[in-house]
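Results of the structural survey
Residues per chain are reported as follows:
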Amino acid sequence: MSDELNPAVPDSATAEGPETESEETVKQRKNGLYPGVSDELAENMKSGWADTELRDLKPIEQAGHTARRRAALSARFPGERLVIPAGNLKTRSNDTEYPFRSSVEYAYLTGNQTEDGVLVLEPKGDGHEATIYLLPRSDRENGEFWLSGQGELWVGRRHSLAESEALYGIPAADVRELADTLREATGPVRVVRGYDAGIEAALTDKVTAERDEELRVFLSEMRLVKDEFEIGELQKAVDSTVRGFEDVVKVLDKAEATSERYIEGTFFLRARVEGNDVGYGSICAAGPHACTLHWVRNDGPVRSGDLLLLDAGVETHTLYTADVTRTLPVNGTYSEIQKKIYDAVYEAQEAGIAAVKPGAKYRDFHDAAQRVLAEKLVEWGLVEGPVERVLELGLQRRWTLHGTGHMLGMDVHDCAAARTETYVDGTLEPGMVLTVEPGLYFQADDLTVPEEYRGIGVRIEDDILVTEDGNRNLSAALPRRSDEVESWMAALKG
């Protein structure tokens, strides 16, 4: 990673965000090879550049949807200024940053994903006037474009404010002026917290935690029912995820020769080629690691005769993610005990999926799957019945561990800030998308089960859309039944 030109960091950079051009000064990196910039070089860098402004840009595909979402938000909080930040870059180490991912609230309302952006809804008449505050193009007159560590010659071109207006259908302004504007603002204000410390500092005497939480909750509940654009994006994410699972099956021999990381890297390649990223840290859990629910170290061995629990999802360029799990025999064939446990989980998932329909309680699919698993555990003699007693006391949870699903969307656990009465205690509606993912996990050190069970973990997870007359499995292209999984793997390896 080159530092040959010692890109500068503005002297006055603080948590309050980017400073104005007049405040920017060149601050050389310690141990850089150039001591400074000559007047002649600075003058030379100001001129001789072509006009690269992009004209006749068309609005992004979701622009109509984001406009409707902003209108709904405006109607909920009349007369109040609403501030929704995208967030800032986060340092990974020293002077390198993590790849930026916009806050879900900001991307949901704008379609924009650039760091430091802020959406402001200003009260006007009976509604609001929206403005998207962004960093403009790098300044060539003061040298910021090549001397700043975030200048365009270092990190790439960004859209001009005019280009952004055309793309997102929202008037755009310079974000570097926003903090001062907000400090002087009067009247009620709400901000989505946790993404931009500078914006929050500018509003510190104008907001309350309770009012801001109401805004966050409302934005979370808005996403419970997906529109047609969102459903299409989720299907794209799932389709790419299916191809990623196929990629993994084809290279299981290489994973055996290396480790779970080969599986992780293989799936990641598909995610980066067809989407933005993985939607969450891929769980590539072979053997007893399958009993660790969020095994993301992915540094263990992959052995023939063991199971591989692969829980992974591609995130689209618009930040919608799939979340799919399959538990696969590394050698292509389930052993007798593996098949017994797998088929029980499959039966539980079938019951759970069947319970997903409009008008059903959200909890119904979880209860249906848990009942099947409890019945199996009693049948196998692992817990004393009757089944009603097991469910009442939650005894099955020693081996089932987690809930049977969650909402899915721009976050893998989407709508997490929604009120309990509208989410877990709510009713399913057409347009909701959720996972159904029962599992059985017999820890390697669990002395309450026969030795042959120990170290076996099985989860099957699919992404389910609630439709007008029932449901649709968005990930149905991936086989689930044990015999179909074996045939699918054989065909891919063959």
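Residues numbered from 1 in each chain as written. Predicted model: local features only at pLDDT ≥ 70, side-chain atom pairs only at ≥ 80, totals over all residues. Heavy atoms only, no water.

On the UniProt side, "domain: Aminopeptidase P N-terminal" (unreviewed entry) is annotated at positions that read residues 60–200 here. Within residues 60–200, the helical portion is 33% and the strand portion 22%, while the C-alpha atoms at the span's ends are 29 Å from each other. (UniProt positions renumbered as here; feature names shortened; annotations may be inferred. Helix = DSSP H or I, 4+ residues; strand = E, 2+ residues; numbered from the N terminus.)

This part takes up the packing of aromatic side chains. Each aromatic ring pair is characterised by the separation of its centres together with the angle its planes make. A complete count under the given rule lists 9 aromatic pairs for this structure. Summarising the aromatic geometry, the rings of tryptophan 49 and phenylalanine 145 are spaced 5.4 Å apart at their centres and angled 80° between planes, so their arrangement reads as edge-to-face. In this pair, tryptophan 49 sits in the loop between α1 (39–44) and α2 (63–76) while phenylalanine 145 sits in helix α4 (residues 144–147), placing the two residues 96 residues apart along the sequence. Look at tryptophan 49 and you get partly exposed, because its relative accessible area is 40%. By way of ring pairs, the aromatic residues Tyr362, Phe365 and Tyr423 are connected into one cluster. Taking NZ or CZ as reference, arginine 69 lies 4.3 Å from the ring centre of tyrosine 108, over its face. We note arginine 140 situated over the ring of tryptophan 49; from NZ or CZ to the ring centre the distance is 4.8 Å. (Phe/Tyr/Trp six-rings, centres within 6.5 Å; stacked < 30°, edge-to-face > 60°. Buried < 20%, exposed > 50% of the residue type's maximum accessible area, 1.4 Å probe, protein only. Lys NZ or Arg CZ within 6 Å of the ring centre and 35° of its normal.)

A rise of 1.5 Å per residue sets the reference length of helix α9 (residues 209–222), with its 14 residues, at 20 Å; its end C-alpha atoms lie 20 Å apart and thus fit the reference within 8%. Buried within α9 are the following residues: Asp212, Leu215, Val217, Phe218, Leu219, Ser220, Glu221 and Met222. In this structure, the buried residues of α9 make contact with α2, β1 (81–85), α3 (104–110) and β7 (189–191). (Expected span 1.5 Å × (residues − 1). Contact = heavy atoms within 4.5 Å.)

Counting across every chain of the model gives 37 salt bridges. Its salt-bridge partner being aspartate 227, residue arginine 69 comes within 2.9 Å of it at the nearest N-O pair. Placement of arginine 69 in helix α2 and of aspartate 227 in the loop between α9 and α10 (228–250) is noted, with a sequence separation of 158 residues between them. Given the relative accessible area of 18%, aspartate 227 is considered buried. In this structure, lysine 226 engages aspartate 414 in a salt bridge whose closest nitrogen and oxygen atoms are separated by 2.9 Å. With a gap of 188 residues between them, lysine 226 in the loop between α9 and α10 and aspartate 414 in the loop between α16 (397–400) and β13 (433–436) connect regions that are remote in the sequence. As far as burial versus exposure is concerned, lysine 226 and aspartate 414 are alike and both buried. Each of the salt bridges in this network shares a partner with another, and the network as a whole consists of Glu80, Arg190, Arg211 and Glu214. (Salt bridge = Lys/Arg side-chain N within 4 Å of Asp/Glu carboxyl O.)

What follows deals with the sheet that holds strand β4 (residues 118–124). Remark on secondary structure: sheet strands pair via backbone hydrogen bonds, oriented parallel or antiparallel. Strand order across the open sheet formed by 5 strands is β6-β5-β4-β1-β7, with mixed pairing between neighbours. Strands with a single pairing partner mark the edges of an open sheet, and in this sheet they are β6 (172–174) and β7. Strand-to-strand, the axes of this sheet are offset by a mean angle of 25°, without reference to chain direction. Sheet strands touched by helix α6 (residues 161–168): β5 (127–134) and β6. Its angle to β6, the strand with the most contacts, is close to 150°. (Pairing = 2+ DSSP bridges. Axes fitted to C-alpha atoms, helices over the stretch in contact; angles between N-to-C directions.)

So, on to the side chain of threonine 467. Inspection of the secondary structure puts threonine 467 in strand β16 (residues 462–467). Separated by 3.2 Å, the side chain of threonine 467 and the backbone nitrogen of asparagine 471 make a polar contact. Aside from chain neighbours lying at most four places away, what touches threonine 467 is Pro358, Pro430 and Arg472. (Polar contact = N/O pair within 3.5 Å; in protein donor to acceptor, adjacent residues only side chain to side chain.)

With that settled, the discussion passes to the pairing of strand β9 (residues 283–286). Residues Ile283 and Ala285 of β9 are buried on one face, and the alternating residues Cys284 and Ala286, pointing to the opposite face, are buried as well. In this sheet, strand β10 (residues 307–312) lies alongside β9 in antiparallel orientation, the contact comprising 4 bridges. Looking across to β10, one finds that cysteine 284 is bridged to leucine 310.

Before going further, it helps to spend a moment on the sheet that holds strand β17 (residues 470–473). Strand order in the open sheet made by the 3 strands is β13-β16-β17, with antiparallel pairing throughout. One side of each edge strand has no neighbouring strand; the edge strands of this open sheet are β13 and β17. Each adjacent strand pair in this sheet contributes to an overall mean axis angle of 40°, direction not counted. Here β16 runs beside β17; their pairing, made up of 4 bridges, is antiparallel. Each residue of the ladder has a partner; that of threonine 467, found in β17, is glycine 470.

On to the environment of glutamate 97. You can see glutamate 97 is positioned in strand β3 (residues 96–97). The exposure class assigned to glutamate 97 is partly exposed, which follows from its relative accessible area of 35%. With residues up to four places along the chain from it excluded, the contact list for glutamate 97 reads Leu89, Lys90, Thr91, Arg92 and Gln150.

On to the side chain of threonine 400, then. By the element assignment, threonine 400 lies in helix α16. Classification of threonine 400 as buried rests on a relative accessible area of 1%. Side chain to side chain, threonine 400 and glutamine 370 meet in a polar contact 3.3 Å long. If we ignore the near neighbours within four places in the chain, the residues touching threonine 400 are Gln370, Leu373, Gly439, Leu440 and Tyr441.

It is worth spelling out the packing of α10 against helix α17 (residues 482–493) at this point. In a pair of packed helices, the angle between the axes and the distance between the axes together describe the arrangement. Axis separation between α10 and α17 bottoms out at 9 Å; the angle between their running directions is 70°. Here α17 runs roughly perpendicular to α10, going by the angle between their axes. Between α10 and α17 lies a crossing whose hand is right-handed. Of the residues in α17, those in contact with Phe245, Glu246, Val249 and Lys250 of α10 are Trp488, Met489, Leu492 and Lys493. Tallied by class, residues from the contact of α10 with α17 come to 5 nonpolar, no polar and 3 charged. (Parallel < 35°, antiparallel > 145°, perpendicular 65-115°, else oblique. Left-handed = near helix turned anticlockwise from the far one by under 90°. Nonpolar A, V, L, I, M, F, W, Y, C, P; charged D, E, K, R; others polar.)

Counting 90 residues, the largest nonpolar core has Leu73, Ile84, Ile263, Ile341, Trp380, Leu440 and Phe442 as its most contacted members. The leading source of residues in this core is α10, at 9 residues. Look past the residues within four positions of isoleucine 263 in its chain and what remains in contact with it is Val248, Leu252, Ala255, Cys284, Val302, Leu308 and Leu310. Ranked by size, the runner-up nonpolar core spans 17 residues in total, among them Ala418, Leu428, Met432 and Val466. (Core = buried A, V, L, I, M, F, W, Y, C linked by side-chain atoms within 4.5 Å.)

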